[in-house]
Amino acid sequence: MLGGERIEGSVRVDAAKNAVLPILAASMLADGEVTLRRCPDIRDVHAMTGILEKLGCESAWQGDDLTLKNTRLHNWEMPDDLFKQIRSSIFLLGPILGRLRRATVTYPGGCEIGLRPIDLHLKGLRALGVRIVDADGILYCDGRDMRAGDVYFDYPSVGATENVMMAAALLDGVTTLHNAAREPEIEDLERFINRMGGKVRGAGTQLIEVEGVKRLHGVAYTPIPDRIAAGTLLCAAAVTGGEIRLENVRPVDLVPIGAKLGEMGCRISEEGDAMILEAPKRLNAFTRLQTQPHPGFPTDMQPQMLAVSCIAKGTSVIEENVFENRFTQVGSLTQMGANVRVSGRMAVVQGVEQLHGMRVAARDLRGGAALVLAGLCAHGETVVENAEFIDRGYARLEDTLCALGAKVERVTI
Ligand code: UD1
C-alpha cells in the first residue's frame, strides 16, 4: 500500500464476527434451519462452518446470507485440525453438550495474543453437571447428568459466558450466571436464542438467567454490526486526516472508541445508525487507554489505537489488561519509525511526525489491522505480509479501503 492518501467516503459495516461465531454455534441447538443475514465473508466464519459440516451440518451461502441445517448433527467429536485453527470453536462445547449430551474436544493450545486457557468454560459446564475427563489433552465431556444450576465466573469471560448460556438453553429449570460478561455480542446471543423460542434474560448485565425450554426452532436472524471493524475504519480516517461516514453501526457500542478518538481531536457525530468522523490535520495524544471487559475499552481495538497514537502529538499511555501479549505489532511499528516502549502490560507511545513505509509481517488479526493503519499514513510503500490473519476478521479490507480512497492492493507471492 502507498501511504498518504486521505480516507474519505461512506461505508456500510458488516455483521460482527464476535456475534456471528457464537450464533453459528448456537444454531446447533435449533430443530430447523437457521439463516444469518448479512453474514461477513471472513476466514473465521468459513473455519467455523467447516467444523459444523464435520459434525454433520449442512451450510449454504446465498449472496451474503448463510443458511445452516443441522438435521444430521450426529458427531460430538470435534475435528482436531479445524478446532485448532479457530479458538472460538471452544464454544461449540456448550451447544453440542446441550444437544447431544456428549462432546470430545482437543484442548486448544495457546495463541499469538496470550495463553487463553479454558478453565472458566470447563468450570461453568461442570457446574451444570457435565463430567469432564482430560486424557492427554483430549477432553471427554459427558453431559448425561446435566441440569440447570448456578454458575459463578471468577472473571467475566466472553466465551465462557456464551458457552454456558448455550449449554443451559435446553436444560430443565433455570440456570443463573453470576459475574457474566456484558459485551454487546452476548446481548445479541440472547436475542438470537430467544428468537428461536428460548428464554434468556439479563444479558448485558452481570446476572443472566437462562430458563431451559424443550426445543428451539429455526429462524432467520441479522446479527449486530461489527463495532471492531467499525472502530478500525474510524481509525483509518483518523490516521489519514480524513472523513468517514459509517452506515449500519450501533453508536452506543462505539462509545469507548469514539471517546478516545474525540480526545485525539476528531469530531464525531451520529445520525440514527450512522456515525461520522472528521479528523483534524494532526491528532493529539490521548492521556491513558486501559483495556477492560465491556463497557470498558475493548482489547480488540487496542492495537489499532496504538498505531494511531504513533503519529499523534504528545505521549499516549496504553495499558492492556485483558490479554498478556497484545503488543505483537510494536516491533514492526518501531521499524516504521514509531517511538514505542513496552514494559509488561504497558506501552508508552511518543508520537512522531511521520512513519515510513516498510515490509512488515502481521502476527495476529488486530495487530495486522494496526500495521495496515500505519501503512495508510506512512510515507512511501508498506507491504504487510501474512494478510491471512487480517482476513480472519475483515472481509476484503483492501477493497473497503480502496473504495475510500486508499491505495492498497493484495499481492500474491
Ligand atoms: C472474546 C472475543 C475476542 C476478544 C475477547 C475479549 C470472540 C470470538 N472473541 O474472546 O475477540 O478479544 O473476547 O473481549 O468473541 N480466560 C481465562 N480462562 C478462560 C477463558 C478466558 O483465563 O476459561 C482469560 C483469557 O486468557 C483472557 C481473558 O480471560 O486473558 C478474556 O478472555 P475471554 O473474555 O474469554 O475472551 P474470548 O471469549 O476468548
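Description of the structure in this document. Along each chain, the written sequence defines residue order, and numbers are assigned to residues from 1. Local features in a predicted model are, by the rule used here, given only for residues with pLDDT of at least 70; side-chain atom pairs are given and counted only at 80 or more, and totals for whole chains, interfaces and linings are based on all residues. Based on all heavy atoms of the structure, the side-chain values leave hydrogens and waters out of the count.

## Overview of the packing of helix H4 (residues 93-100) against helix H6 (residues 158-168)
Argument step 1. The axes are straight lines fitted to the C-alpha atoms, using for helices just the contacting stretch, and the angles between their N-to-C directions are given from 0 to 180°. In this text, helices come from DSSP runs of H or I with a minimum length of four residues, and strands from runs of E with a minimum of two, each type numbered from the N-terminal end. Following both chains from N to C, one finds H4 and H6 inclined at 10°, their axes separated by 7 Å at the closest point. Classified by the angle their axes make, H4 and H6 are roughly parallel. Along the contact surface, H4 presents Leu93, Gly94, Pro95 and Gly98, while H6 presents Asn163, Met166 and Ala167. Oblique is the label for any angle not under 35 degrees, not over 145, and not in the 65 to 115 range, which are roughly parallel, roughly antiparallel and roughly perpendicular in turn. Whether two residues are in contact is decided by their heavy atoms: any pair within 4.5 Å suffices.

## Some details on the pattern of salt bridges
Argument step 1. The working definition used for a salt bridge is a side-chain nitrogen of Lys or Arg within 4 Å of a carboxyl oxygen of Asp or Glu. The tally for this structure, following the rule as stated, stands at 29 salt bridges.
Argument step 2. Between Asp44 and Lys17 there is a salt bridge whose closest N-O contact spans 3.7 Å. Taken together, the residues span a long stretch of sequence, with Asp44 in helix H2 (residues 43-54) and Lys17 in helix H1 (residues 17-26) at a distance of 27 residues. Neither Asp44 nor Lys17 differs from the other in exposure class; each is buried.
Argument step 3. Between Glu211 and Arg201 there is a salt bridge, with its nearest N and O atoms 3.3 Å apart. Separated by ten residues along the polypeptide, Glu211 in strand S11 (residues 208-211) and Arg201 in strand S10 (residues 199-201) bring together distant segments of the chain.
Argument step 4. Buried, partly exposed and exposed residues are distinguished by accessible area as a fraction of the type maximum, computed with a 1.4 Å probe on protein chains only: under 20%, between the cut-offs, and over 50%, respectively. Since its relative accessible area comes to 26%, Glu211 is described here as partly exposed.

## A closer look at the sheet that holds S10
Argument step 1. Only when DSSP finds a minimum of two bridges between them are two strands counted as paired. Spatially, four strands are ordered S8-S9-S11-S10 in an open sheet, and the strand pairing comes out mixed. Edge positions in the open sheet fall to strand S8 (150-152) and S10, since each of these has one partner strand only. When the angles between neighbouring strand axes are averaged without regard to direction, this sheet yields 15°.
Argument step 2. Across three bridges, S10 lies against S11 in antiparallel orientation. Pairing of Val200 across the sheet is with Val210, part of S11.
Argument step 3. Lying on the sheet, H6 is in contact with S8, strand S9 (174-178), S10 and S11; it crosses S9 at an angle near 175°.

## Some words on the sheet that holds strand S6 (residues 131-135)
Argument step 1. Read from one edge of the open sheet, three strands run S5-S7-S6, paired in antiparallel fashion. On the outer flanks of this sheet lie strand S5 (102-106) and S6, each paired with one strand and no other. Direction aside, the axes of adjacent strands within the sheet are offset by 15° on average.
Argument step 2. Sheet strands touched by H4: S5 and strand S7 (138-142). Its angle to S5, the strand with the most contacts, is close to 155°.

## Digging into the site of the ligand
Argument step 1. Proximity criterion: a residue is near a molecule or strand once any of its heavy atoms comes within 4 Å of it. Around the ligand, 18 residues are found, and the nearest of them are Asp119, Leu120, Ser157, Asp300 and Val322.
Argument step 2. Definition of a polar contact: a pair of N or O atoms within 3.5 Å, with one able to donate and the other able to accept a hydrogen when the atoms are protein atoms, and with sequence-neighbouring residues admitted only if both atoms are side-chain atoms. Here an oxygen atom of the ligand and a side-chain polar atom of Asn18 are 3.0 Å apart.
Argument step 3. Computed by Shrake-Rupley with a 1.4 Å probe, the accessible areas treat only the displayed protein chains as cover when residues are assessed. Considered on its own, the ligand offers 740 Å² of accessible surface; in the complex 87% of this is hidden by protein.
Argument step 4. Tallying contributions element by element places helix H5 (residues 119-127) first for the shell around the ligand, with three residues.
Argument step 5. Residue classes follow a fixed rule: Ala, Val, Leu, Ile, Met, Phe, Trp, Tyr, Cys and Pro count as nonpolar, while Asp, Glu, Lys and Arg count as charged, and any other residue, Gly among them, counts as polar. By residue class, the composition of the shell around the ligand is seven nonpolar, six polar and five charged.
Argument step 6. Just so you know, the domain bounds were taken from an automatic or database domain assignment. Taken domain by domain, the makeup of the shell around the ligand includes at least three residues from each of domain 1 (8-14 + 225-403) and domain 2 (17-221).

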